Amino acid sequence: MKPERPVGANEYMVRSGDTVYSIAFRNNLDYRELARWNGIGSSYLIVPGQVLRLRAPPAPPKPRYQTDDIQSEGMEDVQIAKPQPITVDTPPPAAAVVPSVSTGGSEAAITGGYDWVWPTKGVVVRGYNQQGNKGLDFTGSEGQPVFAAAPGRVVYSGNALKGYGELIIIKHDELYLSAYGYNRARHVKEGDVVTAGQPIAEMGRGPESRPTLHFEIRERGKPVNPVERLPAKSAAKVPAKP
């Protein structure tokens, strides 16, 4: 497979099995920004060999005007009108009124107002850390159910992302994605609509060869601590940050 053009720094060549969502997920990007930077339409269609930029394109230069280019000939004949005094019979001009915009409930509208649920039963053996683990690692029994943590649509189901094994990514709304890695089996495909608590996979084995589910929540493409979104659970089961 040859790239459509040379691949530069901060660029990526699309490979078979890639999607806009998986590429954005791999690079901690918002999938909408990735699409916008590369002129990708709402279908999010990409093809193998296509080269994508992973950073915003440079802003176009602003036009600069030279005051020396302004001709001053004849300016001596221009007369400046004097401001007219305001009397009681001449009301002052009305001030421009900027309509107020209520932001109350906007977040709920974007996120759909749903509740998160825990993605599996078991013990969290590794917690979230910004410099290390991007989510939570659960252990339990190999083959036990993995559940969708919130309603949404499956936007990735495959094994093309190195380090995640058999991976599922669900888009919940315009803010949030969730990811489920190291599955033994995947029961959903791209495009499937799922409900919160619906079984979507079976727990597989992680890098340490023990039953593991790696779970992440991404907000605008950036990993966030899942514990802050999930319902309350015994703190003893969630390791403290190192």
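Here the structure is a predicted model, which means the values were calculated and not measured.

Judged by nonpolar contacts, the single largest core of 27 residues is most densely connected at Trp116, Phe138, Ile168, Ile170, Tyr180 and Ile200. Among the secondary structure elements, those contributing two or more residues to this core are strand S4 (136–139), strand S7 (166–171), strand S8 (176–186), strand S10 (199–205) and strand S11 (211–219). The contacts of Ile168, once residues within four sequence positions are left out, are Val154, Tyr156, Ser157, Ser178, Ala179, Tyr180, Asn183, Arg186, Val188, Ile200 and Ala201. Core analysis: the second largest hydrophobic core is formed by 24 residues, Tyr21, Ile23, Leu52 and Val155 among them.

A few words on the layout of surface pockets. By volume, the largest pocket is sized at about 240 Å³. Lining the largest pocket are 16 residues, with Arg126, Asn133, Asp137, Tyr182 and Pro207 positioned closest to its centre. The set of elements that each furnish at least two residues to the lining of the largest pocket consists of strand S3 (123–126) and S11. For the lining of the largest pocket, the element with the most residues is S11, which contributes three residues. The residue inventory of the lining of the largest pocket, partitioned by class, reads four nonpolar, six polar and six charged.

With that out of the way, let us pick up the pairing of S11. Within S11, eight of the nine residues are buried, which leaves it mostly tucked inside the rest of the structure. Of the pairings in the sheet, the one linking S4 to S11 comprises three bridges and is antiparallel in character. Bridge pairing links Leu136 to Phe215 in S11. Where S10 meets S11, two bridges bridge the pair, whose relative direction is antiparallel.

Per-residue confidence for the protein gives a mean pLDDT of 81, with 75% of residues at or over 70. When mean pLDDT is taken per element in the protein, strand S5 (residues 145–147) scores highest with 98 and helix H3 (residues 106–111) scores lowest with 46. Within the model, the stretch residues 86–109 combines pLDDT values under 50 with four contacts to residues more than four positions away or in other chains.

Below, the discussion takes up empty space enclosed by the protein. Throughout the structure, instances matching the rule amount to one cavity of 30 Å³ or more. Its volume calculated, the largest cavity comes out at about 50 Å³. Looking at the largest cavity, the residues that line it are Leu29, Asp30, Tyr31, Arg32, Asp173, Glu174, Leu175, Tyr176, Leu177, Arg218, Arg220 and Gly221. Those elements giving two or more residues to the lining of the largest cavity turn out to be helix H2 (31–37) and S8. Among the residues making up the lining of the largest cavity, the classes are represented as five nonpolar, one polar and six charged.

Close approach of charged atoms lets side chains of opposite charge pair. Tallied over the full model, the rule gives 14 salt bridges. The closest approach of N and O atoms between Glu166 and Arg186, which form a salt bridge, is 2.8 Å. Linking Glu166 in strand S7 with Arg186 in strand S8, this pair joins segments that are 20 residues apart in sequence. A relative accessible area of 22% means that Glu166 is categorised as partly exposed. The salt bridge involving Glu228 is made with Arg229; its shortest N-O contact spans 3.3 Å. Residue class for Arg229 comes out partly exposed when judged on its relative accessible area of 21%. Sharing partners across several salt bridges, the network here consists of Asp30, Arg32, Lys171 and Glu174.

Reading the values: the criteria
Residues numbered from 1 in each chain as written. Predicted model: local features only at pLDDT ≥ 70, side-chain atom pairs only at ≥ 80, totals over all residues. Heavy atoms only, no water. Core = buried A, V, L, I, M, F, W, Y, C linked by side-chain atoms within 4.5 Å. Buried < 20%, exposed > 50% of the residue type's maximum accessible area, 1.4 Å probe, protein only. Helix = DSSP H or I, 4+ residues; strand = E, 2+ residues; numbered from the N terminus. Contact = heavy atoms within 4.5 Å. 1 Å grid on protein atoms, 1.4 Å probe; cavity = no way out; pocket = protein on both sides within 12 Å on 5 of 7 lines; lining within 4 Å. Points joined across faces, edges and corners; volume = space filled by probe spheres on them. Nonpolar A, V, L, I, M, F, W, Y, C, P; charged D, E, K, R; others polar. Pairing = 2+ DSSP bridges. pLDDT = per-residue confidence, 0-100. Salt bridge = Lys/Arg side-chain N within 4 Å of Asp/Glu carboxyl O.

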